[in-house]
Amino acid sequence: QIDNSLALGWKPEDILLVTNFDYEYNGVRSLIVGDDCYYNKNNFYRSTKLPVINRLFENGTIKEGEIYWFHDFDAFELDPIKEEELALDGFDAGFTEHRNPRMWNAGSFFFKHGSKDIFDLILRHMNELNIDEQDALTYMWNNNVINVNSRYKVMNKTYNMGLYNIKHNLNEAEMPLKVAHFHPHKKRH
């Protein structure tokens, strides 16, 4: 994943690899957060994404004026993503839809500093409703919690081409594909 990012023009200092252990590879050193981000006794799904993102807000890593791209480690950038193509002006975050247009996907998304309260509430809903982050975000969308529907942009599926409804999603995706999301260790993928 690191080699892929560097080959596509990322600078090592612009890659945030967040772990609960010390790690360095090819000029990219992990940013270490506590084990509490990885072991959430309050939620059966034990998602690490939201606790880690919230910790990055808390410790000042997320800065004003920057766009951050979160992606699962099995979501690979295929073609360089340029900030100007994201068009997040006026939005705090950008999410893709998952499988169908009634569920959000948390495998690859973009966010800015102004989205902190959105991520706080996703984590709160995860814990209170004992659901994963995608279901919590979808719950917030369906109920327009904190007027969230006016604060995110629906991103084209090119930013998270997964393994579900591939034919349909490819027809909706802008080409060239920007992100392929699959598990390389699973033969069928």
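This report concerns the structure included in the present document. (Residues numbered from 1 in each chain as written. Predicted model: local features only at pLDDT ≥ 70, side-chain atom pairs only at ≥ 80, totals over all residues. Heavy atoms only, no water.)

## Concerning the packing of helix α2 (residues 49-58) against helix α4 (residues 116-129)
Packed helices, taken two at a time, are described by the angle their axes make and the gap between the axes. So the rule is basically this: In this analysis, axes come from line fits to C-alpha atoms, helices being fitted only over the stretch in contact, and the angle between any two N-to-C directions falls in the range 0 to 180 degrees. Helix and strand assignments follow DSSP, with helices taken as H or I runs no shorter than four residues and strands as E runs no shorter than two, numbered in order from the N terminus. Here a crossing is called left-handed whenever its near helix is offset anticlockwise from the far helix by less than a right angle, and right-handed whenever the offset is clockwise. Throughout, a residue-residue contact means that at least one pair of heavy atoms, one from each residue, lies within 4.5 Å. Residues were grouped as follows: Ala, Val, Leu, Ile, Met, Phe, Trp, Tyr, Cys and Pro as nonpolar; Asp, Glu, Lys and Arg as charged; and all remaining residues, including Gly, as polar.
At a minimum axis distance of 10 Å, the contact between α2 and α4 shows a crossing angle of 145°. Crossing of α2 against α4: the hand is left-handed. Contacts from Leu50, Pro51, Ile53, Asn54 and Phe57 of α2 reach α4 at Lys116, Phe119, Asp120, Ile122, Leu123 and Met126. Residue composition of the contact of α2 with α4, by class: eight nonpolar, one polar and two charged.

## A look at unusual backbone geometry
Of note, the amide linkage connecting methionine 175 to proline 176 takes the cis form, showing an omega dihedral of 0°. Along the polypeptide, proline 176 turns up in the loop between α6 (166-172) and β10 (179-181). A positive phi angle, near 50°, is found at alanine 87, a position not held by glycine. Inspection of the secondary structure puts alanine 87 in the loop between α3 (83-86) and β7 (93-98).

## A short note on α2
For clarity, the cut-off: Exposure categories follow from relative accessible area, calculated using a 1.4 Å probe and restricted to protein chains: below 20% of the type maximum is buried, above 50% is exposed, and the middle band is partly exposed.
Of all the 10 residues making up α2, eight are buried; the element is thus mostly covered by neighbouring parts of the structure. Taken as a whole, α2 has its buried residues at Lys49, Leu50, Pro51, Val52, Ile53, Asn54, Leu56 and Phe57. Glycine 60 sits one or two positions beyond α2 and adopts a positive phi of about 85°.

## Comments concerning the pattern of salt bridges
Heads up, the rule is: Any carboxyl oxygen of Asp or Glu within 4 Å of a side-chain nitrogen of Lys or Arg constitutes a salt bridge here.
In the structure shown here, the tally under the stated rule is 13 salt bridges. Between arginine 151 and aspartate 117 there is a salt bridge whose closest N-O contact spans 2.8 Å. Placement of arginine 151 in the loop between α5 (133-143) and β9 (152-154) and of aspartate 117 in helix α4 is noted, with a sequence separation of 34 residues between them. Here aspartate 117 falls in the partly exposed class, since its relative accessible area comes to 31%. Across the pair arginine 124 and glutamate 128 runs a salt bridge whose closest N-O atoms are separated by 3.3 Å.

## Some points on the packing of α4 against α5
Stated precisely, the cut-off is as follows: Roughly parallel covers angles under 35 degrees, roughly antiparallel covers those over 145, roughly perpendicular covers 65 to 115, and oblique covers all other angles.
Direction vectors running N to C along α4 and α5 enclose 110°, while the axes themselves pass 8 Å from each other. Classed by the angle they form, the pair α4 and α5 counts as roughly perpendicular. Crossing geometry of α4 relative to α5 is assigned as right-handed. Contact with α4, carried on its side by Ile118, Leu121, Ile122, His125, Met126 and Leu129, involves Glu133, Ala136, Leu137, Tyr139 and Met140 of α5 and no other residues of that element. Grouping the constituent residues of the contact of α4 with α5 by class yields nine nonpolar, one polar and one charged.

## Some remarks on the nonpolar core
Test applied: We define a nonpolar core as any set of buried Ala, Val, Leu, Ile, Met, Phe, Trp, Tyr and Cys residues linked to one another through side-chain atoms lying within 4.5 Å.
Formed by 32 residues in total, the largest nonpolar core has its most connected members in Phe95, Phe109, Phe111, Phe119 and Ile122. Elements with a minimum of two residues in this core: α2, β5 (68-71), β7, β8 (100-111), α4 and α5. It is α4 that provides the largest number of residues to this core, a total of six residues. With residues up to four places along the chain from it excluded, the contact list for phenylalanine 95 reads Trp104, Asn105, Phe109, Phe119, Leu137, Tyr152, Lys153, Val154 and Met155. Core analysis: the second largest hydrophobic core is formed by nine residues, Ile81, Leu88, Phe110 and Met155 among them.

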